[in-house]
Amino acid sequence: MGNILVCDDDKEIARAIGIYLEEAGYQVVLAYNGEEAIDCLANIKQIDLVIMDIMMPGLDGIEATKRIREENNIPIIMLSAKSEDEDKIAGLRIGADDYITKPFNPEELVARVQSQLRRAAMMIQQPKGEKTPKLTVGGLSLSEKDNVVNVDGRQVHLTPLEFNILKLLVQHAGQVFSSAEIYEKIWNDRPVDTGNLVAVHVRHIREKIEINTREPRYLKVIWGVGYKIEAENE
């Protein structure tokens, strides 16, 4: 089903997660700090997903994720304590795909893993080498071929998740999508208490594509409803 790297300096938690995942049919590799996790990714032929604790001595989960993202788009789920909200946001900003808060329900953890692996598989299965037109709304353009975003002539770097969220909104410019609808379409899973996760990703997109996030030109928040890309004729 897949090989999963679990990194947590608390060995009991790491082993417990390993047991839950093995019972679900996955192969598990354990690491107990960020350096070990990076070594595992470098030396093991196939790792399909990483579960990374945030707070660890030495190289913590944030820095380890940042280093992994420099070379690898493998799905990463962050583990955090309830008091680590700023760290969770930092993890998502540098490219983590999801987070789960300790203490967690084992079934929820396995469901999050399954969701990320399904999404990654869908991205791999997308046809390559075909000429795809740019998606354009005003001065905002997306190239699906190489996942490049340009805003008023300025190239912007988005994570794969951010790119897919923006692409969905640009493809349906003028249409409002709720957090639940975005999660269902992008994560390919049933949304359960995922509003904050989507909101963080949308906020990062706005910080990257908007000159003034308080008066956004492209990505609008419709309070109490959802998000949309402003259509050209609006």
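Just so you know, these numbers come straight off a predicted model, no measurement behind them. (Residues numbered from 1 in each chain as written. Predicted model: local features only at pLDDT ≥ 70, side-chain atom pairs only at ≥ 80, totals over all residues. Heavy atoms only, no water.)

**Here we look at the pattern of salt bridges**
- This model, assessed by the stated rule, comprises 11 salt bridges.
- With a shortest N-O distance of 3.1 Å, Asp53 and Lys102 are connected by a salt bridge. Here Lys102 lies in strand β5 (residues 98-102) and Asp53 lies in strand β3 (residues 49-53), a separation of 49 residues in the sequence. Like Asp53, the residue Lys102 is buried in the burial classification.
- We note a salt bridge from Lys228 to Glu230, for which the minimum N-O separation is 3.3 Å. Here the two residues Lys228 and Glu230 agree in accessibility, since each one is buried.
- Connected via shared salt-bridge partners are Asp8, Asp53 and Lys102. (Salt bridge = Lys/Arg side-chain N within 4 Å of Asp/Glu carboxyl O. Helix = DSSP H or I, 4+ residues; strand = E, 2+ residues; numbered from the N terminus. Buried < 20%, exposed > 50% of the residue type's maximum accessible area, 1.4 Å probe, protein only.)

**Observations concerning helix α1 (residues 11-23)**
- Taking 1.5 Å of rise per residue, the 13 residues of α1 would be expected to cover 18 Å, and the 18 Å separating its terminal C-alpha atoms lies within 8% of that figure.
- Buried within α1 are the following residues: Ala14, Ile17, Gly18 and Leu21. Projected down its long axis, α1 shows its buried positions confined to an angular sector of 105°, all on one face. Opposite the packed face of α1, turned more than 90 degrees from it, sit the exposed residues Glu12 and Glu23.
- The backbone nitrogen of Glu12 lies 3.1 Å from a side-chain oxygen of the residue at the head of α1, namely Asp10. (Expected span 1.5 Å × (residues − 1). Arc of directions from axis to C-beta. Polar contact = N/O pair within 3.5 Å; in protein donor to acceptor, adjacent residues only side chain to side chain.)

**Let's talk about the environment of Asp10**
- Along the polypeptide, Asp10 turns up in the loop between β1 (3-7) and α1.
- Taking the relative accessible area as the measure of exposure, Asp10 reaches 33% and is therefore partly exposed.
- Separated by 63 residues in sequence, Asp10 and Asn73 have C-alpha atoms that sit 26 Å apart.

**Thoughts on the sheet that holds strand β7 (residues 140-143)**
- Here four strands make up an open sheet; going across it, the order is β6-β7-β8-β9 and the pairing antiparallel. Each end of this open sheet is capped by a strand with a single partner; those strands are β6 (134-137) and β9 (154-156). Adjacent strand axes in the sheet meet at a mean angle of 20° when their direction is disregarded.
- Bridge count for β6 against β7 is four bridges, and the pairing is antiparallel. Paired with Val137 across the strands is Leu140, a residue of β7.
- Contacting β6, β7 and β8 (148-151), helix α6 (residues 160-171) runs over the sheet at an angle of about 120° to β7. (Pairing = 2+ DSSP bridges. Axes fitted to C-alpha atoms, helices over the stretch in contact; angles between N-to-C directions. Contact = heavy atoms within 4.5 Å.)

**Here's the deal with α6**
- Under the 1.5 Å per step criterion, the end-to-end length of α6 is 16 Å for 12 residues, consistent within 8% with the ideal 16 Å.
- Most of α6 sits inside the fold, with 11 of its 12 residues counted as buried.
- Listing the buried residues of α6 in full gives Pro160, Leu161, Glu162, Phe163, Asn164, Ile165, Leu166, Lys167, Leu168, Leu169 and Val170.

**Notes on the sheet that holds strand β2 (residues 27-31)**
- Read from one edge of the open sheet, five strands run β2-β1-β3-β4-β5, paired in parallel fashion. Only two strands of the sheet have a single partner each, and these edge strands are β2 and β5. With direction set aside, neighbouring strand axes in the sheet form an average angle of 20°.
- Direction of pairing for β1 relative to β3: parallel, over a ladder of four bridges. Note that in β3 the partner of Leu5 across the bridge is Val50.
- Strand contacts of α1: β1, β2, β3, β4 (76-81) and β5, with the helix running at about 170° to β2, the strand carrying the most contacts.

**Description of unusual backbone geometry**
- Here the residue pair Lys102 and Pro103 is connected by a cis peptide bond, since its omega of -10° sits within 30 degrees of zero.
- Looking at where Pro103 falls in the secondary structure, it is placed in the loop between β5 and α5 (106-125).

**Focus on the confidence of the model for the protein**
- Averaged over the protein, the pLDDT score is 86; the fraction of residues at 70 or greater is 92%.
- Across the protein, β1 holds the top mean pLDDT of 96, while helix α4 (residues 85-93) sits lowest at 79. (pLDDT = per-residue confidence, 0-100.)

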